[in-house]
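Results of the structural survey
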Amino acid sequence: MAKRILVVEDNDLNRKLFCDVLKSQGYAVEPVADGLDALDKAREFVPNLVIMDIQLPNVSGLDLIEAAKKDPVLRAIPMLAVTAYAGKGDEERIREAGAEGYLAKPVSIGPFMQAVKALI
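Residues numbered from 1 in each chain as written. Predicted model: local features only at pLDDT ≥ 70, side-chain atom pairs only at ≥ 80, totals over all residues. Heavy atoms only, no water.

For the protein, the helix and strand inventory stands at five helices and five strands. Sequence-ordered secondary structure for the protein, helices as α and strands as β, is β-α-β-α-β-α-β-α-β-α. Its C-alpha atoms give the protein a radius of gyration of 13 Å, near enough to 14 Å, the size a compact globule of 120 residues would have. In terms of its C-alpha atoms, the protein occupies a principal-axis envelope of roughly 35 × 30 × 25 Å. Buried residues in the protein amount to 47% of all 120 residues. Across the protein, contacts joining residues at least 24 apart in sequence account for 61% of those joining residues at least 6 apart. Taking the 15 positively charged and 18 negatively charged side chains of the protein as two groups, their mean positions are separated by 6 Å. (Helix = DSSP H or I, 4+ residues; strand = E, 2+ residues; numbered from the N terminus. Rg over C-alpha atoms; globule rule 2.2 N^0.38 Å. Buried < 20%, exposed > 50% of the residue type's maximum accessible area, 1.4 Å probe, protein only. Contact = heavy atoms within 4.5 Å. Lys, Arg positive; Asp, Glu negative; His and termini not counted. Charge placed at Lys NZ, Arg CZ, Asp CG, Glu CD.)

Following the UniProt record, one finds the feature "modified residue: 4-aspartylphosphate" (unreviewed entry) at D53. Relative to the elements of secondary structure, D53 occurs in strand β3 (residues 49–53). What D53 contacts, discounting residues up to four positions off in sequence, is V8, E9, D10, G61, V82, T83 and K105. (UniProt positions renumbered as here; feature names shortened; annotations may be inferred.)

The structure is reproduced here in structure tokens:
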């Protein structure tokens, strides 16, 4: 059975790119455009990995990671944070929130797939 990945990304092009690349590698993918839907969708889909954009409208990906790590159902699911805000201290703060992986945008396909495979 294919490993399942939830992709939380508000940018349509990035979301489509991530989903297309993952599908081409044999993963079952569930896209989520609105962070407010992310945790409910994660409970429904039960992914093996969540790819989480940090800069989302309405809610921060950082807050979503922290909430997921406090949720008994979602706690064990690895989180790969993907962000355009790759400033000093950002990776540390994101990892402290509970993300097991971190990538700065723009993301290249090679490092993206390496990060995904490392967490699944």
